[in-house]
2 protein chains.
Amino acid sequence: MKKFLNDPKNFVDEMLEGIYLANSDVTYVNDDKRCYVKASPKPGKVGIATGGGSGHLPLFLGYVGEGMLDGAAVGGVFQSPSAEQMLEVTKYIDQGAGVLYIYGNYTGDIINFDMATELADMEDIKVLSVVGNDDVASSVVGEEHKRRGVAGIFFLYKAAGAASEEGMSLEEVARVAEKAKDRTRTIGVALSSCVIPEIGKPSFEIGADEMEIGMGIHGENGISRKKLTAADPLVDEMMDKIFAEQDYKAGDGVAILVNGLGGTPLEELYILFRRVHQLMSERKVNVKHVWIGEFATSMEMAGASVSVLHLDDELDRLMAAKADTPFFKHFAK
Amino acid sequence: MKKFLNDPKNFVDEMLEGIYLANSDVTYVNDDKRCYVKASPKPGKVGIATGGGSGHLPLFLGYVGEGMLDGAAVGGVFQSPSAEQMLEVTKYIDQGAGVLYIYGNYTGDIINFDMATELADMEDIKVLSVVGNDDVASSVVGEEHKRRGVAGIFFLYKAAGAASEEGMSLEEVARVAEKAKDRTRTIGVALSSCVIPEIGKPSFEIGADEMEIGMGIHGENGISRKKLTAADPLVDEMMDKIFAEQDYKAGDGVAILVNGLGGTPLEELYILFRRVHQLMSERKVNVKHVWIGEFATSMEMAGASVSVLHLDDELDRLMAAKADTPFFKHFAK
């Protein structure tokens, strides 16, 4: 295993120590480094929390900061945090206006966030939830509730975070997140496995000339494994899945996220984006917001995903708003 | 070769197309996509240009933007751009106050930037140069002029860019860059090779349990190849090389850049930073600015480098200033 680490058991907590030493804008509560929160909560603002397994940086905790989220409960690598950890985060970030949970559609996370919601209710904290399920490869149309949440959750964070900064109520922030969810689609492709530190070897095998379209960010099965093609036909095939589901009309606006899974050079993400932009231009769809880089990774996995948010005026405004976290910075436009 | 690309010959130009499609703040001159410039130069400001081979994103062009650089000439993967390309960038970014070149210490770049300086002189554009040579592994003390420029050039860009935004003269901006250069040291470690698209196979071999301390960002030989150790003793060994050269006294301030070479997860960079911070704290040195992520890569190479800038009051102020490029965003503090 070629990793920079000490004892694999300490991987997550030493990483968290590094993050806290690097950034005074974030801290932790309940004497538990895995209960990660913004150091200065904003009185009266709706709190937004997320959570999930480690190994996906900047997901999840990387989006805690101004204009985005207020806290995140962090689990071991690819493991859900506990309901108690989520509750501690919730109690800290509640500033009297309630708390919205935004997290990905995974069984462990659902169980724990649901339990945290009940525990918060006993503390008289009102909690609503929006569950990201943007991965079009993980189930068919009509069964969207079975789909995994992947990189497109970024758009939910961005929209809800900006809405909360604008002073919207809990119900309004949840409405915005739900709308962003309904209008977000993601498709990914993996070229290599990742290595979980405590396991020390690749999670799965993939041939030297193979790719897997639709693989999940924990290595879950995709929809097809085949020989790696050139970038343009690959993007065409990926985008067909997205175009089949969202009716982007001429003149519509979209936000695009081209996400690297960890081991793919930034250069290649721009080559993928180039083709995505061409396909949008052919349809006369306006690419109004673009983010390209690593936004939701699987450790050192080689691969990429494309997420598209179908904008309306409100989402367009919220995408343009300022965000400033240790891992994500966006100047207002 | 597992890469997202079309014809490898078009790798650089398709990547550039993607960048221009994604960002309206940058453009190109002389009808040559490799002559990359800020779309709106600021009248009267000293222009700052860099240049070098592709394959290192966000180096080099990624630092073109507000508070950083004004232009960059871009070569093929790991190849220097031409003197003519540098001249075209220089002509465009000169706003009457002259141009500073900041680039890394590589033979091809030196030849071409020197020639561009002569060509610019014939056009009555005053040019000064500062050549980054921060890699302590690439030559001994007393022969610093033989050292390669690596990730620490980021500090030169940041300092000079902020100085230029403040309205300093060409000579003053060059003085600031030269000072940042004198006070910057970098040490790297590589765990795997990268693959140049037109070659299609790893540039070198390295054993499954080996690391090479001091390897260059094009795979140049380092100072020792041995079995990969745990992160903390590795950082201790790396930092010894830096501590041997710069006299950081109790109470001094430093800026730290922990840079991933492309294939190393962000989580691991924070584990490395944690130990760097511990070593600085033991010496009562104040870590005042921290950047952790991918700042100068070698395609998909696994590995990392640590750069330290020994601050003074002026450099501290310049590090804190706003920067806003498509690849690097920093809110003023």
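Residues numbered from 1 in each chain as written. Chains lettered and ligands numbered in written order. Predicted model: local features only at pLDDT ≥ 70, side-chain atom pairs only at ≥ 80, totals over all residues. Heavy atoms only, no water.

Observations concerning the pairing of strand β6 (residues 127-132) of chain A
Residues and elements named next belong to chain A.
Reasoning step 1: Sheet topology places strand β5 (residues 99-104) next to β6; six bridges connect them, and they run parallel. Bridging from a neighbouring strand, L100 pairs with L128 of β6.
Reasoning step 2: What joins β5 to β6 is helix α3 (residues 107-122), and the crossover it makes is right-handed. (Pairing = 2+ DSSP bridges. Helix = DSSP H or I, 4+ residues; strand = E, 2+ residues; numbered from the N terminus. Right-handed = clockwise from strand over helix to strand, strands pointing away.)

A look at the domain arrangement of chain A
All names here are of chain A.
Reasoning step 1: Splitting chain A by domain gives domain 1 (8-182) and domain 2 (184-330).
Reasoning step 2: On the domain 2 side, the residues contacting the 48 residues of domain 1 number 49 residues.
Reasoning step 3: Three residues stand out in domain 1 for area buried against domain 2, namely F78, F155 and K158, and they jointly supply 16% of the buried area on that side.
Reasoning step 4: For the pair domain 1 and domain 2, the number of links is six salt bridges.
Reasoning step 5: For the salt bridge of E166 with R317, the shortest nitrogen-to-oxygen distance reads 2.8 Å.
Reasoning step 6: The tally of links between domain 1 and domain 2 comes to 25 residue pairs in polar contact (both at pLDDT 80 or more). (Domains from an automatic or database assignment. Contact = heavy atoms within 4.5 Å. Buried area = accessible area lost by both parts, 1.4 Å probe. Salt bridge = Lys/Arg side-chain N within 4 Å of Asp/Glu carboxyl O. Polar contact = N/O pair within 3.5 Å; in protein donor to acceptor, adjacent residues only side chain to side chain.)

Comments concerning the sheet that holds strand β3 (residues 47-54) of chain A
Residue and element names in this part refer to chain A.
Reasoning step 1: The sheet built from six strands is open, its strands ordered β1-β2-β4-β3-β5-β6 with mixed pairing. The open sheet terminates on both sides in strands that have one partner only, identified here as β1 (26-28) and β6. Pairwise comparison of adjacent strand axes, ignoring direction, gives a mean angle of 25° for this sheet.
Reasoning step 2: In this sheet, strand β4 (residues 71-77) lies alongside β3 in parallel orientation, the contact comprising five bridges. Looking at the pairing, G52 lines up with V74 of β4. (Axes fitted to C-alpha atoms, helices over the stretch in contact; angles between N-to-C directions.)

Section: the UniProt feature "domain: DhaK" (unreviewed entry) in chain A
Reasoning step 1: Under the local residue numbering, the UniProt record ascribes the feature "domain: DhaK" (unreviewed entry) to residues 7-328 of chain A.
Reasoning step 2: End-to-end, the C-alpha atoms of residues 7-328 of chain A are 29 Å apart, and along that stretch the chain is 32% helix and 23% strand. (UniProt positions renumbered as here; feature names shortened; annotations may be inferred.)

Thoughts on the packing of helix α6 (residues 231-243) of chain B against helix α7 (residues 266-282) of chain B
Residue and element names in this part refer to chain B.
Reasoning step 1: Closest axis-to-axis distance for the α6/α7 pair is 9 Å, and the angle between their directions is 50°. The pairing of α6 with α7 is recorded here as oblique in orientation. At the point where α6 passes α7, the crossing takes the right-handed sense. Residues A231, D232, V235, D236, M239 and F243 of α6 lie in contact with α7, whose contacting residues are I271, L272, R274, R275, V276, L279 and M280. (Parallel < 35°, antiparallel > 145°, perpendicular 65-115°, else oblique. Left-handed = near helix turned anticlockwise from the far one by under 90°.)

Details of the packing of helix α2 (residues 83-93) of chain B against helix α3 (residues 107-122) of chain B
Residues and elements named next belong to chain B.
Reasoning step 1: In the contact formed by α2 and α3, the axes pass within 8 Å of each other and the chain directions differ by 50°. In terms of orientation, α2 and α3 fall into the oblique class. For the pair α2 and α3, the sense of crossing is right-handed. Mapping the contact onto sequence places A83, E84, M86, L87 and T90 in α2 and N112, F113, M115, A116, L119 and A120 in α3.
Reasoning step 2: Per-class residue counts for the contact of α2 with α3 are eight nonpolar, two polar and one charged. (Nonpolar A, V, L, I, M, F, W, Y, C, P; charged D, E, K, R; others polar.)

Notes on a negative patch on the surface
Residues and elements named next belong to chain B.
Reasoning step 1: On the surface, D114, E118, D121, E123 and D124 cluster together into a negatively charged patch.
Reasoning step 2: Position of E123 among the secondary structure elements: in the loop between α3 and β6 (127-132).
Reasoning step 3: By relative accessible area, which is 41% here, E123 ends up partly exposed. (Patch = residues over 30% accessible without salt bridge, like charges linked within 9 Å, V, L, I, M, F, W, Y side chains within 5 Å. Areas by Shrake-Rupley, 256 points an atom, 1.4 Å probe, with all protein chains shown as cover. Lys, Arg positive; Asp, Glu negative; His and termini not counted. Charge placed at Lys NZ, Arg CZ, Asp CG, Glu CD. Buried < 20%, exposed > 50% of the residue type's maximum accessible area, 1.4 Å probe, protein only.)

Concerning the interface of chain A and chain B
Reasoning step 1: At the interface, 60 residues of chain A touch 60 residues of chain B.
Reasoning step 2: With both chains or domains summed, chain A and chain B bury close to 4,800 Å², and 67% of this area falls on carbon and sulfur atoms.
Reasoning step 3: Three residues stand out in chain A for area buried against chain B, namely A:K2, A:F4 and A:F331, and they jointly supply 21% of the buried area on that side.
Reasoning step 4: Counting across the interface, chain A meets chain B through six salt bridges.

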